[in-house]
Amino acid sequence: MRRGLPTPRPLTSAARAMSDGFGKAESGAQLLARLEGRSSLRNLEPYLFADEGFPIHGDVIEFHGPEGSGKTEMLYHLITRCILPKSGGGLEVEVMFIDTDYHFDVLRLVTILEHRLPQSTEETIKLCLGRLFLVNCNSSTQLLLTLYSLENMFCTRPSLCLLILDSISAFYWIDRSNGGESYNMQELNMKKCVKFLEKLVREHHLAVFATTQTIMQKSSSSAESSFSLKHQCEADVDYRPYLCKSWQQLVTHRIFFSKKCHSSNSKGFSIVSCHVKRNHVVKCSFSVAECGVQF
Amino acid sequence: MVILQAGLCPGLTAEMIQLLKANGIRTVVDFISSDLEEIAQKCSLSYKALVAVRRVLLAQFSAFPINGADLYEELKSSMAILSTGSKSLDKLLDSGLYTGEVLELMGAPGSGKTQVCLSMAASVSHSLKQNVLFIDSTGGFTASRLLQLVQSRTEEEEEQVVCSVGPVKLLVVDSVSAVVCPLLGGRQTDGLALMMQLARELKTLAREFGLATVVTNHVTRDSSSGHLKPALGRSWSFVPSTRVLLESSQGPLGKASTQCIASLRKSPRQPTGIQVELDIGGYEALEERPGASGEEL
């Protein structure tokens, strides 16, 4: 029973509640997994998060930065932290990776895994990779439909608690051109995606990481800059929001990546991590070596 | 925007479509995002039938997740690294051109981009015996130069002319900025959308067919820092996974030489900043002339 203790209620709404899952019965294990919360993402990466130190389920974290600033490398780092077995220092949880611009390089991921598990065999690497699921989408419509079809996977796999979207801004120009003159039509698909993403995150207690690309130059006009300065962290990074408003409102943490051109120390990349609601900022730097990200 | 039509999937009949249209459901997206219970009641259609249709439509139009281990197995057998024919360029690119990826050669006019492309094409088609598709948008492709390059690699005429039909392994587009630049600029976003569609096609071709793709691009100067950056703007800069800058080097006595310096600007697996020297005027593979730097011309 989905609602626990039976309470007197009209027959029709009870019937609706039972058939909400499109006629699928939820097993006891699935119910427990859903109610207890998914396996915790504790200690995923303390350097990245401005407060608590681990992403809580329901967090939507945006990685924003220009090209070559280390966003995809950071995603590989997070993926390895998730899929490594507990004995290897990982969290042993499953990850769903939605790749919208054919960016994902599984061989690079394997190189990083091999560095993290020095005595690994082919079998252990494949076992780790078995915890990663990859989907390629080539239009925003397909992205929306894929999110709908993935809902079933989230229901049936309680250890699948991390969803990565690289990148969610890949269809921006194509959508704008397809939508014609009205901004509403242009943003329609993205708004629907965000709405469904919000439902997935809420119902299945996921954490979402999404990358967005810096494709707009920061406006230097005074009107816009006074508006964007409401967040202290946005003042000194090259950030100009361009995706639809519903996405801006869904994001709980925003992490800005930048590459230091001629760095005096060895750390070539830096990040500024902001918690959107509490306006709490943390800065740190990292470098990228063959074994992946190093703080 | 796929419109619902009879026969789109089994179970989707013309009457069903008429009833759905009457309730405002025209496209596949409308159907999948709607509440089937409500639709079943409003259109008096069978709930089970609707659920079955929804399942089939989702399977048809959404992308299928693949497991990481399966992907790794697939890639191990299908991925290849094509040597460019030049040891120094191979060193820059971490042993050669990777299939499934896009390499961008950027440089000022006359810095040797077309020569490097021709040399790579000659090398791949002769030494590796793989088919090359060379798309020339600038008129810079000269058959006589290609003949010189191939003749330097083999004496036999038969080997030089061999025709083969088969899958292409290397795709060279020289240059991509020549066709896209006229579309950009102004406040219209159509040019940018077209450029991103092109980028998407190139990457899809590279991944699905296991091609190594090379594109050439111009350079502009960054207004704030004065550094050279690739043309076509920020949106394009995300597309290639590897980027090499070609600059022609000054020979001794200030004369222009046939040497050029290639530096690695972006790479998914190597640290950036590596530089090598290539000789683009010669007939052999792009090796540096021995003892070039101190010699008098």
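Notes on the structure follow. (Residues numbered from 1 in each chain as written. Chains lettered and ligands numbered in written order. Predicted model: local features only at pLDDT ≥ 70, side-chain atom pairs only at ≥ 80, totals over all residues. Heavy atoms only, no water.)

**A few points about the overall build of chain B**
Looking only at helices and strands, chain B has 12 helices and 12 strands in total. For chain B, restricting intrachain contacts to residue pairs at least 6 apart in sequence, the fraction spanning at least 24 positions comes to 61%. Surface accessibility of chain B: about 14800 Å² in total, with carbon and sulfur atoms responsible for 55%. (Helix = DSSP H or I, 4+ residues; strand = E, 2+ residues; numbered from the N terminus. Contact = heavy atoms within 4.5 Å. Areas by Shrake-Rupley, 256 points an atom, 1.4 Å probe, with all protein chains shown as cover.)

**Details of the overall build of chain A**
Helices and strands together make up the secondary structure of chain A, namely 11 helices and nine strands. Taking all 295 residues of chain A together, the buried fraction comes to 52%. A separation of at least 24 residues holds for 68% of the contacts in chain A among residues at least 6 apart in sequence. Carbon and sulfur atoms provide 54% of the accessible area of chain A, an area that totals close to 13400 Å². (Buried < 20%, exposed > 50% of the residue type's maximum accessible area, 1.4 Å probe, protein only.)

**A few points about the pattern of salt bridges**
Between side chains of opposite charge, a pair can form as their charged atoms come close. Residue and element names in this part refer to chain A. Applying the stated criterion to the full structure yields 13 salt bridges over all chains. For Arg254, the salt bridge goes to Glu62, with nearest N and O atoms at 3.2 Å. Of the two residues, Arg254 sits in strand E6 (residues 253–259) while Glu62 sits in strand E1 (residues 60–65), which places them 192 residues apart along the sequence. Taken as a pair, Arg254 and Glu62 share a single burial class, namely buried. (Salt bridge = Lys/Arg side-chain N within 4 Å of Asp/Glu carboxyl O.)

**As for the interface of chain B and chain A**
Taken together, the contacts link 49 residues of chain B with 54 residues of chain A. Counting each side, the surface lost to burial between chain B and chain A is near 4600 Å², with a carbon and sulfur contribution of 59%. At the surface where chain B touches chain A, the tally comes to five salt bridges. The salt bridge partner of A:Lys126 is B:Glu73, with a shortest N-O separation of 2.8 Å. Counting residues per element, the ones that place at least two in the side of chain B that touches chain A are helix H2 (28–33), helix H3 (36–43), helix H4 (47–61), strand E1 (66–67), helix H5 (68–78), helix H11 (190–209) and helix H12 (233–237) of chain B. Broken down by element, the residue count for the side of chain B that touches chain A peaks at 10 residues, all from H11(B). Where strand E3 (residues 132–136) of chain A and E1(B) come together, two bridges link them in antiparallel fashion. Counterpart to A:Leu134 in the pairing with E1(B) is B:Ile66. (Buried area = accessible area lost by both parts, 1.4 Å probe. Pairing = 2+ DSSP bridges.)

**Focus on the pairing of E3(A)**
Residue and element names in this part refer to chain A. Burial within E3 is extensive, with four of its five residues counted as buried. Where strand E2 (residues 94–99) meets E3, five bridges bridge the pair, whose relative direction is parallel. From the neighbouring strand, Phe97 faces E3, where its bridge partner is Leu134.

**Thoughts on the packing of aromatic side chains**
One pair of aromatic rings is described through two measures. These are the centre distance and the angle between the planes. Taken as a whole, this structure holds 11 aromatic pairs over all chains when the rule is applied. The rings of A:Phe63, A:Phe209, A:Phe257, A:Phe269, A:Phe286 and A:Phe295 are connected pair by pair, giving a single aromatic cluster. One Lys or Arg, B:Arg269, reaches over the ring of B:Tyr98 and ends 3.8 Å from the middle of that ring. (Phe/Tyr/Trp six-rings, centres within 6.5 Å; stacked < 30°, edge-to-face > 60°. Lys NZ or Arg CZ within 6 Å of the ring centre and 35° of its normal.)

**A short note on the environment of A:Lys245**
Residues and elements named next belong to chain A. Within the element layout of this structure, Lys245 appears in helix H11 (residues 245–250). Here Lys245 falls in the exposed class, since its relative accessible area comes to 59%. For the pair Lys245 and Val194, spaced 51 residues apart in sequence, the C-alpha separation works out to 9.8 Å.

**What about the pairing of strand E4 (residues 102–107) of chain B?**
All names here are of chain B. Counting buried residues along E4, six of its six residues qualify, which places the element largely inside the surrounding structure. Residue alternation in E4 divides its side chains into two sets, Val102, Glu104 and Met106 and Leu103, Leu105 and Gly107, and both sets are buried. Bridging between E4 and strand E7 (residues 212–217) involves five bridges; their strand directions are parallel. Following the sheet pairing, Leu103 is matched in E7 by Val214. Inspection of the sheet shows E4 paired to strand E10 (residues 242–250) by five bridges, in the parallel sense. By the bridge assignment, Gly107 is partnered in E10 with Leu246.

**Side note on the side chain of B:Thr213**
Structurally, B:Thr213 can be placed in strand E7. Not counting the four nearest positions on each side in its chain, B:Thr213 is found in contact with B:Glu101, B:Val102, B:Leu103, B:Leu171, B:Leu202 and B:Ala206.

**Focus: the nonpolar core**
Core analysis: the largest hydrophobic core is formed by 80 residues, its most contacted members being A:Met96, A:Trp247, B:Leu4, B:Phe31, B:Leu57 and B:Trp236. It is helix H6 (residues 140–156) of chain A that provides the largest number of residues to this core, a total of eight residues. Residues A:Phe97, A:Cys128, A:Ile255 and B:Leu71 belong to the second largest nonpolar core, which totals 42 residues. (Core = buried A, V, L, I, M, F, W, Y, C linked by side-chain atoms within 4.5 Å.)

**Brief notes about the environment of A:Thr212**
Residue and element names in this part refer to chain A. Turning to its location among the elements, Thr212 is positioned in strand E5 (residues 207–213). Classification of Thr212 by relative accessible area gives buried; the value is 1%. Along the sequence, Thr212 and Glu73 sit 139 residues apart, while their C-alpha atoms lie 14 Å from each other. Residues contacting Thr212, with those up to four places away along its chain left out, are Glu62, Phe63, His64, Gly65, Lys71, Ile168, Ser169, Tyr242, Leu243 and Trp247. A distance of 2.8 Å separates the side chain of Thr212 from the side chain of His64, its partner in a polar contact. (Polar contact = N/O pair within 3.5 Å; in protein donor to acceptor, adjacent residues only side chain to side chain.)

**Some points on the side chain of A:Arg176**
Mapped onto the elements of the fold, A:Arg176 is located in helix H7 (residues 172–178). In this structure, A:Arg176 is buried with no salt-bridge partner, the nearest side chain bearing the opposite charge being A:Glu187 at 7.7 Å. Apart from the residues within four sequence positions on either side, A:Arg176 is in contact with A:Tyr183, A:Gln186, A:Met216 and B:Thr189. (Lys, Arg positive; Asp, Glu negative; His and termini not counted.)

**Focus on the sheet that holds strand E7 (residues 269–275) of chain A**
Strand order in the open sheet formed by 10 strands is E9(A)-E8(A)-E7(A)-E6(A)-E1(A)-E5(A)-E4(A)-E2(A)-E3(A)-E1(B), with mixed pairing between adjacent strands. Each of the sheet's edge strands pairs with one partner strand only, and the pair in question is strand E9 (292–294) of chain A together with E1 of chain B. Contacting E3, strand E8 (280–289) and E9 of chain A, helix H4 (residues 106–116) of chain A crosses the sheet at an angle of about 55° to E9(A). (Axes fitted to C-alpha atoms, helices over the stretch in contact; angles between N-to-C directions.)

**Considering the packing of H3(B) against H4(B)**
Between two packed helices, the angle of one axis relative to the other and the distance separating the axes together describe the packing. Residues and elements named next belong to chain B. Interaxial distance between H3 and H4 falls to 9 Å at its minimum, and their mutual angle equals 130°. Accordingly, the angle class assigned to the pair H3 and H4 is oblique. Here the hand of the crossing between H3 and H4 comes out right-handed. Of the residues in H4, those in contact with Leu36, Glu37, Ile39 and Ala40 of H3 are Tyr47, Leu50, Val51 and Arg54. (Parallel < 35°, antiparallel > 145°, perpendicular 65-115°, else oblique. Left-handed = near helix turned anticlockwise from the far one by under 90°.)

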